Amino acid sequence: MTKIYNFCSGPAMMPTEVMTKAQQEFTNWRELGVSVMEISHRSADYVAMAEEAEQDLRDLLMIPDHYKVLFCHGGGRGQFSAVPMNILGDQKLASYVTTGHWSRCALDEGKKYASADVFDALLKDDEGNVSVRPVSQWRYSHDSAYLHYCPNETIEGVAIHQIPDVDVPLVGDFSSTLLSTPLDVSKFGIIYAGAQKNIGPSGLTVVIVRDDLLGKSMQHTPSIFDYSIVAKHGSMFNTPPTYAWYLSGLVFKWLKEQGGLDAMAKRNSAKAALLYNYIDQSDFYRNQVDSDYRSKMNVPFFLADDELNATFLAEAGKSGLMTLKGHRIVGGMRASIYNAMPLEGVQALVDFMQDFEKRHG
Ligand code: PMP
């Protein structure tokens, strides 16, 4: 059978070793004779696993003790509302920096709760070349409750590699980049990420929140989205997404075995360089993001002739290269190359692109 490499932006490829381990213990977890998904989240075995997963995540990201780690429902979009509901407090104003689709979605949701001070940091010229204003030039209100931004725009393939230095709580939507590289958590008030890219399967959202931001929620905040309540109950105020939490725990162990986030960062840089270097030297393919702001997770690219898109996708599919179609907002192609994508997968894509260019260029 052809080896399949899945370039989906999310839900995305999981590490093979994790899937194999999950399969081995699928119906008989820890010799209990049942699946982990069939047992109570309050059972001693489950709680031990859940606590271990949290500790592994804390170790990987070196999360300081004065931050809570929450395992929530509701996805990235859930956090677009949970953030203002939890930390706006008595303030009316929140700052949003927009750099693409997902930061704009966060802004739209945030506007339901706060007056928004918006700074559009995306730069686009008439030819479609894309860049971002340096973080040192970002404007925001110093009296806003927080500044929200998205360090990796999954659709546009735009990344902000520098952490903004601001004097209000910084909130980052890390849905498509958490765990791909080390991160200085202490620079943030809140970090959140839907799990379905680098963490695990969909259904789980990881929230990392600084203790001083707890206890300010709006009166009508649903309890399941209230960070203080979720934290007080160890993320078990209501039934958590138990299987997704378990699988994510396996991913955290896998990441540790790989050498942690330093090792992942090196591997991810090598993968991204392989693909971008190939695209840049070719006259047939192009990526239009300024090299300083290119995502190492999501690589959009265009063919010289859009008419060839369908043929490219069909032939790629036959070669085992799955889900390369670009998002409809951007068009063209997009290769998502999260932690679980091995270098061989990116090499297989580059080999295919080279061959396709020879035949159609
Ligand atoms: N933020 C980013 C950066 C994303 O990539 C996505 C989903 N692709 C979301 C938010 C929305 O996440 P969810 O579908 O889990 O609500």
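Because the structure is a prediction, the values reported are computed rather than measured. (Residues numbered from 1 in each chain as written. Predicted model: local features only at pLDDT ≥ 70, side-chain atom pairs only at ≥ 80, totals over all residues.)

Some points on the UniProt feature "binding site: pyridoxal 5'-phosphate" (unreviewed entry) in the protein
Part 1 of the reasoning: Residues given the UniProt feature "binding site: pyridoxal 5'-phosphate" (unreviewed entry) here are G76, R77, W102, T154, D173, Q196, N238 and T239. Spanning 164 residues, the named residues are also spread out in space, since their farthest C-alpha pair is 30.0 Å apart.
Part 2 of the reasoning: Counting through the fold element by element, W102 comes out in helix α4 (residues 101-110).
Part 3 of the reasoning: Ignoring any residue separated from it by four or fewer positions in sequence, one finds W102 in contact with C150, E153, T154, I155 and D173.
Part 4 of the reasoning: Assessed through the 13 C-beta atoms surrounding it within 10 Å, N238 is described here as partly exposed. (UniProt positions renumbered as here; feature names shortened; annotations may be inferred. Helix = DSSP H or I, 4+ residues; strand = E, 2+ residues; numbered from the N terminus. Contact = placed C-beta atoms within 7 Å. Buried ≥ 20, exposed ≤ 12 C-beta atoms within 10 Å, placed from the backbone.)

Here's the deal with the domain arrangement of the protein
Part 1 of the reasoning: Partitioning the protein into structural domains gives domain 1 (17-257) and domain 2 (259-360).
Part 2 of the reasoning: Between domain 1 and domain 2, the C-alpha centre-to-centre distance is 26 Å.
Part 3 of the reasoning: Contacts between the two partners involve 25 residues from domain 1, matched on the other side by 23 residues from domain 2.
Part 4 of the reasoning: Ranked by residues supplied to the side of domain 1 that touches domain 2, first place goes to strand β6 (residues 130-132) with 3 residues. (Domains from an automatic or database assignment.)

With respect to the site of the ligand
Part 1 of the reasoning: Lining the immediate environment of the ligand, one finds G10, G75, G76, R77, W102, C150, T154, D173, S175, S176 and G194.
Part 2 of the reasoning: The element that contributes the greatest number of residues to the shell around the ligand is helix α3 (residues 75-87), accounting for 3 residues.
Part 3 of the reasoning: When the residues that make up the shell around the ligand are grouped by side-chain class, the tally is 2 nonpolar, 7 polar and 2 charged. (Near = placed C-beta within 6 Å. Nonpolar A, V, L, I, M, F, W, Y, C, P; charged D, E, K, R; others polar.)

Observations regarding the sheet that holds strand β14 (residues 298-303)
Part 1 of the reasoning: The sheet built from 3 strands is open, its strands ordered β13-β14-β16 with antiparallel pairing. Strands with a single pairing partner mark the edges of an open sheet, and in this sheet they are β13 (285-286) and β16 (333-336).
Part 2 of the reasoning: Pairing analysis gives 4 bridges linking β14 to β16, with the strands arranged antiparallel. Across the sheet, residue N298 finds its bridge partner in β16, namely S336. (Pairing = 2+ DSSP bridges.)

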